[in-house]
Each structure stands twice: as C-alpha cells, then as structure tokens.
Amino acid sequence: MTPPTAASTPPPVLLGDAEVRARLTPATATAAVRHARLEHQAGRLAAPPRVHAGLGGGELVFTVGALAAEGTTHGIPGVHGFRAYGTAGRAGEQLVAVWDSASGRLTALVHGHELGPRRTGAIGAVAGEALARAGGPAGCRLGLIGAGPQAGRSCGHCRRAPPTGRRRSR
C-alpha cells in the first residue's frame, strides 16, 4: 500500500546577502518603499508598531505587516510576514519571512545583514523625494548624521533617486 502524498508545493525562496546584493538595487528598493507608502496610505498595507521582547541582555525585535491582495481594499491580505532581529551584543543578522495569506504557504525567507541597510536607505530616499517636492530649504539639502552601512545606503539611495525638484549645491 502506498502512503498518500501531499500535493507538491514549491519550497520557499531563500535569499542571503549575495542574492540581496544582486537583486535589490537602490532603484528597486526605492520603488518598493514608494509602493508600500502608497499602499499604506490607501489602507491596503497593515504595518503595526514594532514588538520588543526583552531577553535580559538585549531584545528580540519584530516588525510585522500584511499587504492586501491585488484588487482589494481594506480586505483579505495577499501576503503577510515579519522581520526579526536581536539587539544583544553586535548587530546580527535579520530574518524576514513572508507567507501567502490565502494558502498559508511560506513563500520566502531572507536572512543576513544586507536587507536592513538597503531598506533604511530606500526609506530615506522616499522621504527625501517628498521633501524635495515640498520645496523650501528642507528639499534642497541633504544632512546625513552617522556612519556605517545605514548612513552609506541612505546617501547612496538619495543620490540615485530620480530628481524631483529644485537642486542646489554649494
């Protein structure tokens, strides 16, 4: 007697730092953040505040979210997932997990150091675009405080963002 077999489902996509570097350009990351901002504004993206779980010498931090299925408003999520990272000691790898909401199937896992700075840089670029559109002194200058991967990505994404207003240099 042959045991019953489950329907074959593809394994989740697994991406590490090398794949993130190869696939997630500043333009792609900035476009994704711009899209997420518009989806959130339209009520199709749920992004509640972070959850912090104390672990004694640090925390485990979770950000969660859900994006409504294509063509729906305030409706059934198309995908949902979380990002998790620890704060104990040195900055470690992050983990992102994404599920298809209709089937419950885990569709993707991203792990490593590369996604966080690229995401943060893209958020900064989209914010810079909004300031540039508004005009005024805030839209004319970039003030960057900090150093390291986060600051470098923010500056790089802003430099690569399409021009959206007045430009002035010193």
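Residues numbered from 1 in each chain as written. Predicted model: local features only at pLDDT ≥ 70, side-chain atom pairs only at ≥ 80, totals over all residues. Heavy atoms only, no water.

> Give me helix α2 (residues 26-41): which residues, what numbers.
Between its first and last C-alpha, α2 extends 22 Å over 16 residues, near the 22 Å set by a 1.5 Å rise per residue. Along α2, the positions that sit buried rather than exposed are Pro26, Ala29, Thr30, Val33 and Glu39. In the segment just after α2, Gly43 is the residue with positive phi, at about 85 degrees. (Helix = DSSP H or I, 4+ residues; strand = E, 2+ residues; numbered from the N terminus. Expected span 1.5 Å × (residues − 1). Buried < 20%, exposed > 50% of the residue type's maximum accessible area, 1.4 Å probe, protein only.)

> Can you break down the pattern of salt bridges residue by residue, with the values?
Applying the stated criterion across every chain, the model contains 4 salt bridges. Notably, a salt bridge pairs Glu114 with Arg21, separated by 3.3 Å at the nearest N-O pair. Taken as a pair, Glu114 in the loop between β7 (106-112) and α3 (115-134) and Arg21 in helix α1 (residues 17-23) lie far apart in primary sequence, 93 residues in all. A salt bridge links Glu39 to Arg44, with the nearest nitrogen and oxygen atoms 2.7 Å apart. Taking relative accessible area as the criterion, Glu39 reaches 12% and is therefore assigned buried. (Salt bridge = Lys/Arg side-chain N within 4 Å of Asp/Glu carboxyl O.)

> Run through the pairing of β7, naming residues and quoting values.
Pairing of strand β1 (residues 13-15) with β7 involves 3 bridges; the strand directions are parallel. Looking at the pairing, Val13 lines up with Ala108 of β7. Relative to β7, strand β6 (residues 94-100) runs antiparallel, the two sharing 6 bridges. Bridge pairing in β7 links Val98 to Ala108. Adjacent in sequence and paired antiparallel, β6 and β7 are bridged by 5 residues, among which Gly104 carries a positive phi angle near 80 degrees. (Pairing = 2+ DSSP bridges.)

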